[in-house]
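Residue-level structural notes
In case you want the letters, here they are:
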Amino acid sequence: MQIDLSGRVVLVTGAARGIGRTIAETFAREGAHVVAMDLDADALAGMEQDSHAALALPCDITDPAQVREAVAAIEERFGRLDVLINNAGINAEGPLESFDPELWDRLFAVNVRGVLNTCQAVIPLMKRQRAGRIINAASFAAVIPSVDAAAYGASKAAVVQMTRVLASELGPWGITVNAYAPGMIPTAMNGFAALGEEAAAAKLDQLSVRRWGVPEDVAKLCLFLASDLSDYVTGALLDVSGGKFATQDPGAAWRAL
Ligand code: NAI
């Protein structure tokens, strides 16, 4: 059995860099018509010429009007939308006691309201098709948050609950909705790449598969979730974290080697 996504229309938000960029490139290689959406128009530039996207759409997902316009452009161009991957997200850290409430609102505007905006824009189209896949980037932080990261953890926990509720609301329409929880993938969003040797080793000790994640790990899971192979998977939070804290001390198995 093979994953066949040729001809599927796949919208990826936050596609200009990081994990989203790799998801877009991976789906394009699998023959999908990729629509790359991002706030950063400069970084999107060139994706169409490089065949990493059939269509590149600058769009701020916090603005429902912009999102509706973008989805209308997709329908006009392709006549359908098979898969929405809500990858765009931002991070902000600081202790709750002094956390800037405006930063809190901004983070929720992107990570939570942004997901609501894109879902609301695509659901009518997917319902008419009686088919569709919605795939949401949550985080391991939705399960176990980090100190100084309450806003991020709470926003990703919200994404998980939205995923579960949407899965039920859209089940009768042939639409599946799932979320995934990456663990630690060094990107511009985080400081993993800049950690010293000792700090990096302590982080890697949390993992059963003792290496940093790479964007391809997420892209491969998205391929599965977008494909016919996952027909019976919905409302799930899939862990793609290398087994982060699968046990209290996964590093023990590595130290015993
Ligand atoms: P990144 O910061 O490298 O890329 C995020 C992309 O989203 C950027 O291109 C940015 O321009 C875009 N974006 C931000 N706000 C936007 C908006 N309002 N409208 C449209 N696009 C917007 O981040 P990374 O690391 O690639 O993360 C991607 C997703 O994976 C995020 O949702 C993140 O929370 C999640 N994630 C990442 C982990 C990691 O270890 N890198 C771990 C867990 C979850």
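Our subject is the structure that appears above.
Let me begin by describing the structure that accompanies this report. These numbers come from a predicted model, not from an experiment.

**Notes on the pattern of salt bridges**
Working definition: two side chains of opposite charge can pair if their charged atoms are close together. Enumeration according to the criterion identifies nine salt bridges in this entry. Between Arg 210 and Asp 205 there is a salt bridge, with its nearest N and O atoms 3.1 Å apart. For Arg 255, the salt bridge goes to Asp 205, with nearest N and O atoms at 3.8 Å. With Arg 255 in helix α8 (residues 251-255) and Asp 205 in the loop between α6 (197-204) and α7 (215-226), this residue pair connects regions lying 50 residues apart in the sequence. You can call Arg 255 exposed: its relative accessible area is 52%. Residues joined by salt bridges that share partners form a network here, namely Asp 205, Arg 210, Asp 249 and Arg 255.

**Some words on a nonpolar patch on the surface**
Residues Val 143, Ile 144 and Phe 245 make up a contiguous nonpolar surface patch of roughly 260 Å² in combined accessible area. Considering the arrangement of structural elements, one finds Phe 245 in the loop between β7 (237-240) and α8. For Phe 245, a relative accessible area of 37% translates into the label partly exposed.

**Details of the side chain of Thr 22**
Looking at the secondary structure, you find Thr 22 in helix α1 (residues 18-29). Exposure remark for Thr 22: the relative accessible area of 12% places this residue in the buried category. Among residues more than four places away in sequence, those in contact with Thr 22 are Pro 215, Glu 216 and Ala 219.

**Side note on the site of the ligand**
Close to the ligand lie 28 residues; Arg 17, Asp 38, Asn 87, Tyr 152 and Thr 187 are nearest. Between the ligand and Leu 39, the relevant distance is 3.2 Å, taken from a nitrogen atom to a main-chain nitrogen or oxygen of the residue. Across the complex, the protein chains shield 95% of the 830 Å² of accessible surface that the ligand would expose by itself. At the level of elements, α1 and α5 (150-170) are the ones that each hand at least two residues to the shell around the ligand. Taken together, the residues of the shell around the ligand sort by class into 15 nonpolar, nine polar and four charged.

What counts, and at which threshold
Residues numbered from 1 in each chain as written. Predicted model: local features only at pLDDT ≥ 70, side-chain atom pairs only at ≥ 80, totals over all residues. Heavy atoms only, no water. Salt bridge = Lys/Arg side-chain N within 4 Å of Asp/Glu carboxyl O. Helix = DSSP H or I, 4+ residues; strand = E, 2+ residues; numbered from the N terminus. Buried < 20%, exposed > 50% of the residue type's maximum accessible area, 1.4 Å probe, protein only. Patch = residues over 30% accessible without salt bridge, like charges linked within 9 Å, V, L, I, M, F, W, Y side chains within 5 Å. Areas by Shrake-Rupley, 256 points an atom, 1.4 Å probe, with all protein chains shown as cover. Contact = heavy atoms within 4.5 Å. Near = heavy atom within 4 Å. Polar contact = N/O pair within 3.5 Å; in protein donor to acceptor, adjacent residues only side chain to side chain. Nonpolar A, V, L, I, M, F, W, Y, C, P; charged D, E, K, R; others polar.

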